[in-house]
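Below, each chain spelled out in residue letters.
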Amino acid sequence: MNGSRIAAVGHYQPAKVLTNEDLAGLVDTNDEWIRSRVGIRTRHIAGPDEPVDELAAHAAAKALAAAGLAASDIDLVLVATSTAVDRSPNMAARVANRIGVPSAATMDLNVVCAGFTHALATADHAVRAGGSTRALVIGADKMSAVTDWTDRTTCVLVGDGAGAAVVEACPAPTEGLAGIGPVLWGSVPEMGHAVRIEGTPSVFAQEGQSVYRWATTQLPRIARQACERAGLAPEDLAAVVLHQANLRIIEPLAEKIGAVNAVVARDVVESGNTSAASIPLAFSKLVERAEISTGDPVLLFGFGGNLSYAGQVVRCP
């Protein structure tokens, strides 16, 4: 057992929906302005009584149910988030407690928008090394809690939610299985100022043009290299799930990657930018809607905060 695969996925979003028309009542903006610049129509917003770990636990429970597993089958819980309020207990421990995982290793990863793909690679490595048999990998963020709702350049972007995947050991090679390919990851630390969640209280800010130029010019080559590591050409991909930052980034980036036959996830339109939750949330929806089939190769590619990136090709569960 020297491979790993995604056994199942799940997602969760709060019930409250905030439309562009709603935002027009808060700041100087309108539906046309928002859609033309970022492509977003709606986003889900968590209430004050819905903490990050609750969002994460709902998504995790759905992924476990889809995998036909009990919480006691999990020995590693990883939560990617940048919006945890407290330092300890960490989000992973709180999620484990909420869903009844008895004695797993529990760790948080903060790589902002690239958090889920970093966490997925970490779980893959742990399983391949024998440190874990079954892991829960969760991306969850409550971006509404770190947003300045008087700043129209950022408040129109954000949403809240969570997505989860169950990762388990499987034989290698994983032909036809939901295998997890080699990760390609890195960062541009000297550009860390481009996306920030700083201060007390913490507030989200970004240099939108810098992020746009970097994502659309530098990342296509890196994403293609992730495909190469998996032994696939971009045109072999059945789907591309990029970080759901902005439709004006997603569409040109997917085109430049060369995934001409792939379904391109555009969940940003209805969910906004949910940071670490965006990739598993969008991926889970593609699976739920049967837009991709078991065994299909899918590129997951996260990018953003710290100008970090991580991507890998996985097989659809």
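Structure's up top.
Per chain, residue numbering runs from 1 following the sequence as it is written. Side-chain atom pairs in this predicted model are given and counted only at pLDDT of 80 or more, local residue features only at pLDDT of at least 70, and totals for whole chains, interfaces and linings cover all residues. The side-chain values count all of the structure's non-hydrogen atoms but skip hydrogen atoms and water molecules.

J.: Outline the packing of aromatic side chains, listing residues and values.
T.: Two aromatic rings, drawn from Phe, Tyr or Trp (for Trp, its six-membered ring), form a pair once their centres lie within 6.5 Å of each other, and the interplanar angle then sorts them: stacked below 30 degrees, edge-to-face above 60, tilted otherwise. Throughout the structure, instances matching the rule amount to one aromatic pair. The interplanar angle of 40° and the centroid separation of 6.4 Å between the aromatic rings of F301 and F303 together place this pair among those described as tilted. The pair F301 / F303 is uniform in exposure class, with both members buried. Here the guanidinium or amino end of R152 rests over the ring plane of W33, the centre of that ring lying 4.3 Å away. Charge over a ring is defined by NZ of Lys or CZ of Arg lying within 6 Å of the ring centre and within 35 degrees of the ring normal. Positioned above the aromatic ring of Y212, the side-chain terminus of R248 is 5.2 Å from the ring centre. The classification of residues rests on relative accessible area computed with a 1.4 Å probe and restricted to protein chains. Under 20% of the type maximum is buried, over 50% is exposed, and intermediate values are partly exposed.

J.: Run through the sheet that holds strand β6 (residues 134–142), naming residues and quoting values.
T.: Pairs of strands are assigned from DSSP output, requiring at least two bridges between the strands. Numbered from the N terminus, helices here are DSSP runs of H or I no shorter than four residues, and strands are runs of E no shorter than two. Read across the sheet, five strands follow the order β1-β7-β6-β4-β5 without closing on themselves; strand pairing throughout is mixed. With partners counted over all chains shown, the strands left at the sheet margins are β1 (3–12) and β5 (105–109), one partner each. Recorded for the sheet is a direction-independent mean angle of 20° between the axes of neighbouring strands. In terms of strand pairing, strand β4 (residues 76–80) meets β6 through five bridges, oriented parallel. Bridge assignment links V79 to a residue of β6, and that residue is I138. Contacts: residue pairs with any heavy atoms within 4.5 Å of one another. Interaxial angle, 0 to 180 degrees, is taken between N-to-C directions of lines fitted to C-alpha atoms, where a helix line uses only the stretch in contact. Strands in contact with helix α4 (residues 91–99) are β4, β5 and β6; relative to β5, the strand with the most contacts, it is inclined by about 130°. Helix α11 (residues 278–288) contacts β1, β6 and β7 (160–170) of the sheet and is inclined by roughly 90° relative to β1.

J.: Describe unusual backbone geometry, and please don't skip the residues or the numbers.
T.: With an omega of 0°, the peptide bond running from S88 to P89 counts as cis. Mapped onto the elements, P89 comes out in the loop between β4 and α4. For the bond from T200 to P201, the omega torsion is 0°, close enough to zero to count as cis. Within the element layout of this structure, P201 appears in the loop between β9 (195–198) and β10 (203–206). Of note in the backbone geometry, V112 takes a positive phi value of approximately 50° without being a glycine.

J.: Tell me about helix α5 (residues 115–128), and please be specific about residues and values.
T.: One less than the number of residues in a helix, times 1.5 Å, gives the span that helix is expected to have. For α5, built from 14 residues, the straight-helix expectation of 20 Å at 1.5 Å per residue is met to within 8% by its first-to-last C-alpha distance of 20 Å. Counting buried positions over the 14 residues of α5 gives ten, a clear majority of the element. Within two residues after α5, G130 carries a phi angle of roughly 90°, on the positive side.

J.: An account of the pattern of salt bridges is needed here, citing residue identities and associated values.
T.: Only one rule defines a salt bridge in this text: a Lys or Arg side-chain nitrogen within 4 Å of an Asp or Glu carboxyl oxygen. Under the definition given, this model contains 13 salt bridges. Between R196 and E207 there is a salt bridge, with the nearest N and O atoms lying 3.9 Å from each other. Of this pair, R196 sits in strand β9 while E207 is found in the loop between β10 and α7 (208–217), placing the two residues eleven residues apart along the sequence. The class for R196 is partly exposed, based on a relative accessible area of 24%. Salt-bridge contacts for E291 lead to R289; the nearest nitrogen and oxygen are separated by 3.8 Å.

J.: Before we move on, could you go through the pairing of β5 and cite the residues and values that matter?
T.: Here β4 runs beside β5; their pairing, made up of five bridges, is parallel. Within β5, the position partnered with V79 by the bridge is D108. When the strands point away from the viewer and the path from the first strand over the helix to the second turns clockwise, the crossover is right-handed. Considered for its hand, the β-α-β crossover made up of β4, α4 and β5 is right-handed.

J.: Could you give an account of the sheet that holds strand β8 (residues 184–187), with specific residues and numbers?
T.: Here we have five strands laid out as an open sheet, ordered β8-β14-β13-β11-β12, and mixed in their pairing. Each edge of the sheet is formed by a strand with only one pairing partner; in this case those strands are β8 and β12 (263–264). In this structure, β8 lies alongside strand β14 (residues 308–315), joined through four bridges in antiparallel fashion. What sits directly across from G186, in β14, is Y309. Relative to the sheet, helix α8 (residues 219–229) contacts β8, β13 (297–303) and β14, its axis offset from that of β13 by approximately 140°. Sitting on the sheet, helix α9 (residues 247–257) touches β11 (239–242), β12 and β13, and the angle it makes with β11 is about 135°.

J.: Explain the side chain of Q13 to me, and be specific about the residues and the numbers.
T.: Here Q13 lies in the loop between β1 and β2 (17–19). For Q13, the side chain forms a polar contact with the side chain of S271, separated by 2.8 Å. Side-chain atoms alone can form a polar contact between residues adjacent in sequence; in general such a contact is a pair of N or O atoms within 3.5 Å, and within protein one must be able to donate a hydrogen while the other accepts it. Of note is the side chain of Q13, whose polar atom sits 2.9 Å from the side chain of K285. Residue contacts for Q13: discarding those within four places in its chain leaves H44, D160, S271, L281 and K285.

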